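Examination of the molecular architecture
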Amino acid sequence: MNGIGRRAALAGLALPGVALAQTPWPDRTMRWIVGYPAGGASDLFARLIAAQMAPALGQNVVVENRPGGGAVLASDAVARSPADGNTWLHVDNGVLVYNPALYTRLPYDPDRDLTGVGFIGRFPLFLVVRADSPVRDFAGLVAQGRVRPVTYGTPAVASPHHLAMELVQRRAGLAAEHVPYRGAAAAMQDLRAGRVEVLVAATGLPFLRDPELRVLAVLSDARSASAPEVPTLRDLGIDAVAYGWQGMSVPAATPPVIIARLNAAMRTAVASDDITRRMQEMGVEPAAWSPAEFNAFVAAESALWRPLIRDLGIRLDS
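Residues numbered from 1 in each chain as written. Predicted model: local features only at pLDDT ≥ 70, side-chain atom pairs only at ≥ 80, totals over all residues. Heavy atoms only, no water.

Notes on the side chain of Ser 81
Along the chain, the position of Ser 81 falls in the loop between α4 (72-79) and β3 (87-92). Of the residues examined, Ser 81 reaches a relative accessible area of 12% and is grouped as buried. Residues in contact with Ser 81, not counting those within four places in the same chain, are Thr 87 and Pro 251. (Helix = DSSP H or I, 4+ residues; strand = E, 2+ residues; numbered from the N terminus. Buried < 20%, exposed > 50% of the residue type's maximum accessible area, 1.4 Å probe, protein only. Contact = heavy atoms within 4.5 Å.)

Focus: the layout of surface pockets
The computed volume of the largest pocket comes to approximately 1300 Å³. Lining the largest pocket are 43 residues, with Tyr 36, Pro 155, Ser 159, Pro 160 and His 161 positioned closest to its centre. Looking at the lining of the largest pocket, the element that brings in the most residues is helix α5 (residues 93-102), giving five residues. Its residues assigned to classes, the lining of the largest pocket comprises 26 nonpolar, 13 polar and four charged. (1 Å grid on protein atoms, 1.4 Å probe; cavity = no way out; pocket = protein on both sides within 12 Å on 5 of 7 lines; lining within 4 Å. Points joined across faces, edges and corners; volume = space filled by probe spheres on them. Nonpolar A, V, L, I, M, F, W, Y, C, P; charged D, E, K, R; others polar.)

Topic: the nonpolar core
Residues Trp 32, Ile 49, Met 53 and Trp 88 are the most contacted members of the largest nonpolar core, which totals 86 residues. Contacts of Met 53, omitting those with residues within four sequence positions, involve Trp 32, Trp 88, Met 248, Leu 262, Ala 265, Met 266 and Ala 269. Ranked by size, the runner-up nonpolar core spans 16 residues in total, among them Tyr 181, Val 215, Val 218 and Val 230. (Core = buried A, V, L, I, M, F, W, Y, C linked by side-chain atoms within 4.5 Å.)

Comments concerning the environment of Asp 92
Tracing the chain through its elements places Asp 92 in strand β3. On the basis of relative accessibility, which here comes to 10%, the residue Asp 92 falls in the buried class. On a C-alpha basis, the gap between Asp 92 and Asp 43 in space is 12 Å, while along the polypeptide they are 49 residues apart. Sequence-distant contacts of Asp 92, that is, excluding residues within four places in its chain, are made with Tyr 36, Val 97, Trp 245 and Gln 246.

Structural notes on the sheet that holds strand β5 (residues 126-130)
Ordered in space as β7-β6-β8-β5-β9, the five strands form an open sheet in which the pairing is mixed. Looking along the sheet, the strands with just one partner apiece sit at the ends: β7 (176-180) and β9 (213-218). Neighbour-to-neighbour, the strand axes of the sheet open up by a mean angle of 30 degrees, direction not taken into account. Of the strand pairs in this sheet, strand β6 (residues 150-154) and β7 are connected by five bridges, and their pairing is parallel. (Pairing = 2+ DSSP bridges. Axes fitted to C-alpha atoms, helices over the stretch in contact; angles between N-to-C directions.)

Notes on the packing of helix α3 (residues 41-57) against helix α11 (residues 273-282)
The geometry of a pair of packed helices is captured by two quantities: the angle between their axes and the separation between those axes. Contact geometry for α3 and α11: axes closest at 10 Å, N-to-C directions at 160 degrees. In terms of orientation, α3 and α11 fall into the roughly antiparallel class. Crossing hand, α3 versus α11: left-handed. Only Asp 274, Ile 275, Arg 278, Met 279 and Met 282 of α11 make contact with α3, whose side of the interface consists of Ala 41, Leu 44, Phe 45, Leu 48, Ile 49 and Gln 52. (Parallel < 35°, antiparallel > 145°, perpendicular 65-115°, else oblique. Left-handed = near helix turned anticlockwise from the far one by under 90°.)

A word on the side chain of Arg 214
Examined against the element boundaries, Arg 214 turns out to sit in strand β9. Of the buried charged residues, Arg 214 lacks a salt bridge, with Asp 132 as the closest side chain of opposite charge at 7.2 Å. Within the structure, Arg 214 has its side chain in polar contact with the backbone oxygen of Val 135 (distance 2.7 Å). Not counting the four nearest positions on each side in its chain, Arg 214 is found in contact with Leu 127, Val 128, Val 129, Arg 130, Ala 131, Ser 133, Val 135 and Arg 136. (Lys, Arg positive; Asp, Glu negative; His and termini not counted. Salt bridge = Lys/Arg side-chain N within 4 Å of Asp/Glu carboxyl O. Polar contact = N/O pair within 3.5 Å; in protein donor to acceptor, adjacent residues only side chain to side chain.)

Put into structure tokens, the structure is as follows:
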């Protein structure tokens, strides 16, 4: 090869596309960062899906829990990591949609710094009362609110459960008072004890068959396969749809060819028998979306929820 040929070859190697084609990927252990403690739903699905993706990608996947600050610490760590496809972020409503409205200053911009890989699933939200409650249905709940605001419990301020109920109040004319808890278990305990009148519940469906509880409605766009007898609010003429949901994102500059491989491996993992069974047990609704479909979903969610949060004046860093 003459001097000109050698220079041309070296220039070609400098091109990102050429370099990617000649460099095997993945070539090292990959990390899935979860911004919540071990043992929760986010951690559970990250570990289940990572175990399925690792053999398909030919490298180990390590799940790292970095809890704190509404997953801001974990999100910032991934947003600042190299865009090489080796560091993934477990995302949800809070990470991608709520946090820009909840925090005055974020060290990362999810719209600019992150991009979607794929969707894990949606967690339907149910309105639950005690079986001995005088409220028999959602219309009865609205009527009770006209007498005095009803109390409702959720796992936390600015959780999907809380914001969903704020949307319901606006669109159904429901008068209600929020009682936030430190987790769903404490909220359920106080519902059973009669300290709150309504619970916004998700993940895990034993309450659907509990004779001591009554489910008034589900906030899904269609009836849940786990409880087809429970009406949606849309069935009742109220346009209020809300879910908890989870997915995966990576740094925005990650090459599309790598994102496509991650998406394919993730979709195969979510469709596996083991994960399908777990999702059915928990009432989670999967969706095999492409990266573009996931990004479009997040944009639509942001257009709905960020203005509501700002209108409510909720701040987590004030």
